[in-house]
Protein chains: 4
Amino acid sequence: MDEVKRLVQKIVDFRDARDWKQFHNPKDLAISLVLEAAEVMEHFQWKNKEEVEKYIETNKQDIGEELADVLYWVLLMSHDLNIDVFSALEKKLKKNEEKYPVEKAKGKHTKYNQL
Amino acid sequence: MDEVKRLVQKIVDFRDARDWKQFHNPKDLAISLVLEAAEVMEHFQWKNKEEVEKYIETNKQDIGEELADVLYWVLLMSHDLNIDVFSALEKKLKKNEEKYPVEKAKGKHTKYNQL
Amino acid sequence: MDEVKRLVQKIVDFRDARDWKQFHNPKDLAISLVLEAAEVMEHFQWKNKEEVEKYIETNKQDIGEELADVLYWVLLMSHDLNIDVFSALEKKLKKNEEKYPVEKAKGKHTKYNQL
Amino acid sequence: MDEVKRLVQKIVDFRDARDWKQFHNPKDLAISLVLEAAEVMEHFQWKNKEEVEKYIETNKQDIGEELADVLYWVLLMSHDLNIDVFSALEKKLKKNEEKYPVEKAKGKHTKYNQL
């Protein structure tokens, strides 16, 4: 994860050079996370399956930028809250394997508590 | 980014073992991204600055899991759309350095188009 | 709009009886609005067109409650900010008629600035 | 609620004149609801209490338009799903009175299941 650490440091340096830490309380960081996720979603609004596929082909860079914005806030928020989000994800995957055992969950989009 | 690649592969393997690719169209992936970001935000709802800080101390693991869920969808969506989201983030950071020059943006939370 | 006014008053009375005005700053009201809208959306996640239709039939009451929650925050936020949201909607409709002239917008889900 | 009914009819007529019903499946309606709620929230991002108050004074019309957009989708979605959202809200208020009894909930922003 050295490259990820280097990237996080870049994000923090960018922020600190602008003296923006003062605005980055957890509530507003979370608001930013939601707003950027909403911008990803907006790309697909009103489009049917075929339109979505065609749209992605010609707008991959824009969508990539929006996804990068979400990743930006995930990384910065995790940094500020002193959370190792990659390790948290590894643990979550293990948890999900128990919540969604293959034999029960295969081919179903049912939530674990209704399986 | 070898470790990230390995993690993405784990996520994809988890999904494919459950035959869930059929549900993972971009629109629903984006909906998932927003829903998980909203769950992060819910942790801070109604709390003032002091309450937020105290809450984080005793709920770090829960918040970490929610952030991991957001990261999960960022990574899976990027994988499915064939987007290198880390490289997109590097590019975005360069772009942001031009949009928010230090001398103009320092200490202000103004959007770039109003600086 | 007398009945709406009466409903808004009921919401405000409910709030004031619990001394909750102190928590209802505009930022947290807006967060609540988003969280409730997300709960509406969650009902449709992962479902295809047929599943959505079937789901609505058997879950109309739940969906109605979530939509009511969104309406709740729209009405309370408008009250607190001294905004006549119904009159704002009337104005918006007029504006939209100009932004989306029938001859241009008919049968298209294109945003007004790309029509 | 005659005036509300008239307003809903106006919204439906606006939609039908543009032949947009074809795009208005529940999933995309819910996405629209979330996106407009997010636009309300964006107005308050990064601002502290004092800045929020000052901002509202000079931007009341813009905020009103965004709240109107949320109300628009609440009304249209309720119409399409054949849900009486005002009556649902009346019922929800009664439910909330039981979930949040005054003596227990007064002055606390705790969720009902943790009261």
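Before reading further, recall that the structure is shown in the block above.
Presented here is an overview of the structure given in this document. Just so you know, these numbers come straight off a predicted model, no measurement behind them. (Residues numbered from 1 in each chain as written. Chains lettered and ligands numbered in written order. Predicted model: local features only at pLDDT ≥ 70, side-chain atom pairs only at ≥ 80, totals over all residues. Heavy atoms only, no water.)

## Describing the environment of S32(B)
Here S32(B) is to be found in helix α2 (residues 26–42). Sequence separation between S32(B) and K60(B) is 28 residues, and the spatial gap between their C-alpha atoms is 22 Å. S32(B) has contacts with W73(B), Q45(C) and W46(C), leaving out every residue within four places of it along the chain. Of note is the side chain of S32(B), whose polar atom sits 2.9 Å from the backbone oxygen of D28(B). (Helix = DSSP H or I, 4+ residues; strand = E, 2+ residues; numbered from the N terminus. Contact = heavy atoms within 4.5 Å. Polar contact = N/O pair within 3.5 Å; in protein donor to acceptor, adjacent residues only side chain to side chain.)

## A closer look at the pattern of salt bridges
Following the criterion strictly, the structure yields 40 salt bridges over all chains and no others. Where K10(A) meets E90(B), a salt bridge forms, and the shortest distance between an N and an O atom there is 2.7 Å. Of the two residues, K10(A) is situated in helix α1 (residues 2–17) and E90(B) in helix α4 (residues 85–99); the pairing between them involves two chains. Among the residues examined, K10(A) registers a relative accessible area of 39% and is labelled partly exposed. Among the ionic pairs, K95(A) bridges to E65(B), the shortest N-O distance being 2.6 Å. One end of the pair, K95(A), is in helix α4 (residues 85–99); the other, E65(B), is in helix α3 (residues 49–80), on a second chain. (Salt bridge = Lys/Arg side-chain N within 4 Å of Asp/Glu carboxyl O. Buried < 20%, exposed > 50% of the residue type's maximum accessible area, 1.4 Å probe, protein only.)

## Re the relation of the copies chain A and chain B
Two chain copies here: they are related by a rotation about an axis and a translation along the same axis. For the pair chain A and chain B, the best superposition has an RMSD of 0.0 Å and corresponds to a rotation of 180° with a translation of 0.0 Å parallel to the axis. With respect to symmetry, the two chain copies, as superposed, fit the operation of a two-fold axis. No C-alpha of chain A lies nearer the rotation axis than that of V34(A), which sits 3.1 Å from it. (Least-squares fit on C-alpha atoms with pLDDT ≥ 70 in both.)

Scope: geometric values only; no functional claims are made or implied.
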